[in-house]
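Fold and contact review
Given next are the chains, with one letter for each unit.
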Amino acid sequence: MCGVFGYLGQSGQAAREVLAGLQRLEYRGYDSAGLCVVDADHHTRVIRAVGKVNNLRVKTDSMDFSSFSTGIGHTRWATHGGITEANCHPHTSQSGRFVVIHNGIIENYADLKAELIAKWYTFQSETDTEVTVQLFEDMFDGDYQSTMTRLVQRMHGAYGLVFIDRDNSWVLFGTKKWSPMVLGFGTDARYISSDYRSLIGLIDDYIILEDGDIFQITSDNYQILSEGHLADRTRQIVDESEKIAELGDFPNFMLKEVFEQPRVLEDVFRGRIDFSSYSLHSDTLAHIATLGIKRITVVASGTSYHSGLLGKYYLEELAGIPVDVVVSTEFKYKKKFVTPDELYIFVSQSGETIDTLDSLKIVKEQGGHVFGIVNVPGSAISRAAGQGLFTRAGTEVGVASTKAFVTQVACFLFLALYLGQKNGLDYRKYREIIDGISKLPEAISTLLLQNEAIKQVAEKYAHSHNFFYLGRAHELVIAMEWSLKLKELAYIHSEAYSSGELKHGSIALIDAEFPSLMINWGGILSPKNASSAEEIRARGGKVVWIIAKWDTNKHIYADTIEFDSLISELNPFLEVVILQLWAYHIANSLGRDVDKPRNLAKSVTVE
Ligand code: M6R
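Residues numbered from 1 in each chain as written. Predicted model: local features only at pLDDT ≥ 70, side-chain atom pairs only at ≥ 80, totals over all residues. Heavy atoms only, no water.

Thoughts on the site of the ligand
Taken together, 14 residues lie near the ligand, and Ser 304, Ser 348, Ser 350, Thr 353 and Glu 488 sit nearest. Taking 410 Å² as the accessible area of the ligand by itself, protein coverage stands at 90%. The element best represented in the shell around the ligand is helix H9 (residues 302–319), accounting for 3 residues. Looking at the shell around the ligand residue by residue, the class counts come to 3 nonpolar, 9 polar and 2 charged. (Near = heavy atom within 4 Å. Areas by Shrake-Rupley, 256 points an atom, 1.4 Å probe, with all protein chains shown as cover. Helix = DSSP H or I, 4+ residues; strand = E, 2+ residues; numbered from the N terminus. Nonpolar A, V, L, I, M, F, W, Y, C, P; charged D, E, K, R; others polar.)

Structure, rendered in structure tokens:
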């Protein structure tokens, strides 16, 4: 959450580069944006704007930045203090000499602020961040790194901090703990960013900073201190095959990413499943299979948590291994019983989610086997896990997770098949699933042709204020995932429920204005779902049925969205696509910003 970006390079380029960097980091928070530039004559300019980066761009459009060679910028996801210009970053010290941007939360900011106020410092904002720059100025001893060393001893919490000094335009400095930060090295410029991918195309190589690092960069030198000593961090070469995601002909990234799912489902299995010989290949899983794993715990948040719930279904059904799935925020603080025959799987698209990362570190410290299912290579969770499966979904820009979810589920299915073949999974079932996986991309492509039909049904319900999403067994997980998406994208209240549980209380909510979506591919629980639909209908409720084409009960539903069902294990991949489009079209018809829904950010790096 929050994006920090720094540039040190050519005269006249700082504002342009910082604005471009902020645009690429906007997914990390879009409540407000701001920048500060400095020139060799000790002029600084701080410009801030509430709202998206474009508002800042408009504000700076007619300004002259020709003398500025160094700059920092910030995109904010508000934690402390409302969404106002005064609370926008950067924040400036009392004298105006130091300016800071920050990603994270300073937990003891109130105590530090009280201490500074007692010394006659005055504050312009309600933020926790402002204390860092005031305290830095108060402690400054003429040396950035020694002052920073003492500053970090005073701060509790998470931070990625970048400072600029009005009196020295040739330097940027800062520190990080828990919040991600990279230093990038280009031909004529140096960069600092929350995300390596924001620097692709600008740099040749980069350093991923570690927690506790205190850095100082100039145009021809850099220095990183770790625990008081010079640290020799590896400079990594940019992977030229990585590209910045572009929209192409799509109106937004969400729709583009939904339509990329047939391709990413090919990528996630490439080299892992040989469809002609029915063999599975993974050195990591070959190692995991030797550990004698008897239990698995999955730890994740949000959509990644839902993929873990589907993972539980696969691992229990196919590999016969009992699985617990716990949300990271709860797992982190609960009592743990780490044993050598248990595997802990941490799932994260971004690889940055702070509660998932912290949970992983705790299990690792206790000697547990850890495993990551992560989309972003080089991210904190992938590095801390050390082993796992990359989901290979490519950059996911839309805040709502779509293609990352299906590839996470695909990784769980692959893991379950791998462990299942060692644990006595019926070979016919094993082959049936592998055959089904080979047809999955084509099946999803066919389903995507129904986009317009799904839109028409979805828009009929766009003005409802509440929804039930109903299902049984693993389809309940799909219901949970898409209930989350409807809230996230359309700002409409919805609840996921086991259709069988409805009559134990919640059916009291049903009336003509409270529609239900029933997800059912037609398996053995189909008659039970049909009974639940009848019960809803009897009380004046409407049921939209996401249903296999051959189902015969259509007369009892207000509307149906039909699909060619596959085998039970693979239907979630299809059902989720229907519900992605359902939520997308409702949100779109209500004029929501589907790529950047309100109040959210793509990666959650604060508790
Ligand atoms: O990056 P992660 O997968 O760790 O993120 C976890 C959740 O914050 C994320 O899945 C969130 O729920 C999505 N915005 C949902 O679409």
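Concerning the sheet that holds strand S21 (residues 369–374)
Across the sheet, which stays open at both edges, the 5 strands sit in the order S19-S18-S20-S21-S22 with parallel pairing between neighbours. The open sheet has two free edges, formed respectively by strand S19 (323–327) and strand S22 (388–390), since each of these has just one partner strand. Averaged over all adjacent pairs, the angle separating strand axes in this sheet is 20°, with direction ignored. Note that strand S18 (residues 295–300) and S19 share 5 bridges and pair parallel. Residue Ala 300 lies in a different strand from S19, and its bridge partner there is Val 327. Packing of helix H13 (residues 403–422) onto the sheet brings it into contact with S18, strand S20 (342–348), S21 and S22, and relative to S20 it is tilted by some 160°. (Pairing = 2+ DSSP bridges. Axes fitted to C-alpha atoms, helices over the stretch in contact; angles between N-to-C directions. Contact = heavy atoms within 4.5 Å.)

Observations regarding the pairing of strand S1 (residues 3–8)
In terms of residue burial, S1 counts as a mostly covered element, since 6 of its 6 residues are buried. Side-chain alternation along S1 places Gly 3, Phe 5 and Tyr 7 on one buried face and Val 4, Gly 6 and Leu 8 on a second face that is also buried. Two elements, S1 and strand S4 (residues 68–76), share 6 bridges in a ladder whose sense is antiparallel. Looking at S4, one finds that Val 4 is bridged to His 74. (Buried < 20%, exposed > 50% of the residue type's maximum accessible area, 1.4 Å probe, protein only.)

Describing the environment of Phe 269
In this fold, Phe 269 is placed in helix H7 (residues 261–269). A sequence separation of 141 residues divides Phe 269 from Ala 410, and the C-alpha atoms of the two residues are 7.9 Å apart. Ignoring anything within four residues of it in the chain, the contact list for Phe 269 reads Phe 275, Arg 392, Ala 410, Phe 414 and Ile 437.

As for the environment of Ala 533
The residue Ala 533 is located in helix H17 (residues 526–538) in this model. With residues near it in sequence (within four places) discarded, Ala 533 still touches Met 518, Val 543, Trp 545, Ile 556 and Tyr 557.

Notes on the side chain of Glu 575
Its place among the elements puts Glu 575 in helix H18 (residues 571–589). No salt bridge is formed by the buried Glu 575; its nearest oppositely charged neighbour, Arg 472, is found at 13 Å. Residues contacting Glu 575, with those up to four places away along its chain left out, are Glu 475, Ile 478, Ile 519, Asn 520, Trp 521 and Phe 563. (Lys, Arg positive; Asp, Glu negative; His and termini not counted. Salt bridge = Lys/Arg side-chain N within 4 Å of Asp/Glu carboxyl O.)

Structural notes on helix H3 (residues 109–118)
Inspection of H3 places Leu 112, Lys 113 and Leu 116 among the buried residues, and these make up the whole buried set. Across the axial projection of H3, the buried residues extend over an arc of 100°, all falling on one side. Exposed positions of H3 whose direction lies more than 90 degrees from the buried face are Asp 111 and Ala 118. Where H3 is buried, its residues touch strand S6 (98–106), helix H4 (129–139) and helix H5 (144–154). Positive backbone phi, approximately 80°, marks Trp 120, located one or two places after H3. (Arc of directions from axis to C-beta.)

A few points about the sheet that holds strand S7 (residues 157–165)
Taken together, 7 strands build an open sheet; the order of strands is S5-S6-S7-S8-S12-S13-S14 and the sheet is antiparallel. The open sheet has two edge strands, strand S5 (91–92) and strand S14 (229–230), and neither has a second partner. Where strand S8 (residues 168–177) and strand S12 (residues 214–217) come together, 4 bridges link them in antiparallel fashion. What sits directly across from Gly 174, in S12, is Phe 215. Sheet contacts for H4: S5, S6, S7 and S8; angle to S6, the most-contacted strand, approximately 130°. Helix-sheet contacts for H5 involve S6, S7, S8, S12 and strand S13 (222–226), and the interaxial angle to S8 is about 25°.

Digging into the packing of aromatic side chains
One pass over the full model with this rule turns up 23 aromatic pairs. Relative to Tyr 191, the ring of Tyr 7 has its centre 5.4 Å away and its plane inclined at 65°; by these criteria the two rings are edge-to-face. In this pair, Tyr 7 sits in strand S1 while Tyr 191 sits in strand S10 (residues 190–193), placing the two residues 184 residues apart along the sequence. You'll find Tyr 7 and Tyr 191 in the same group, each marked buried. The structure contains a cluster of three or more aromatic residues connected by ring pairs, namely Phe 98, Phe 136, Phe 140, Tyr 144, Phe 163 and Phe 173. (Phe/Tyr/Trp six-rings, centres within 6.5 Å; stacked < 30°, edge-to-face > 60°.)

Points about the nonpolar core
Counting 94 residues, the largest nonpolar core has Ile 296, Ile 345, Leu 417, Phe 573 and Trp 582 as its most contacted members. For this core, the element with the highest residue contribution is H13, accounting for 13 residues. When residues of this core are assigned to domains, at least three fall in each of domain 2 (245–449) and domain 3 (450–593). Among all residues touching Ile 345, those that are not within four sequence positions of it are Ile 296, Thr 297, Val 298, Val 299, Phe 371, Ile 373, Phe 412 and Leu 415. Counting residues in hydrophobic clusters, the runner-up holds 28 residues, among them Phe 5, Tyr 27, Val 182 and Ile 200. (Core = buried A, V, L, I, M, F, W, Y, C linked by side-chain atoms within 4.5 Å. Domains from an automatic or database assignment.)

A few points about the pairing of strand S2 (residues 32–39)
Here is the key point about a regular strand: its side chains alternate between the two faces of the sheet. Most of S2 sits out of view: 8 of its 8 residues are buried. Across the two faces of S2 the burial is the same, with Ser 32, Gly 34, Cys 36 and Val 38 and Ala 33, Leu 35, Val 37 and Asp 39 all buried. The sheet contact formed by S2 and strand S3 (residues 44–50) spans 7 bridges and is antiparallel. The residue bridging Cys 36 from the neighbouring strand is Val 46, located in S3.

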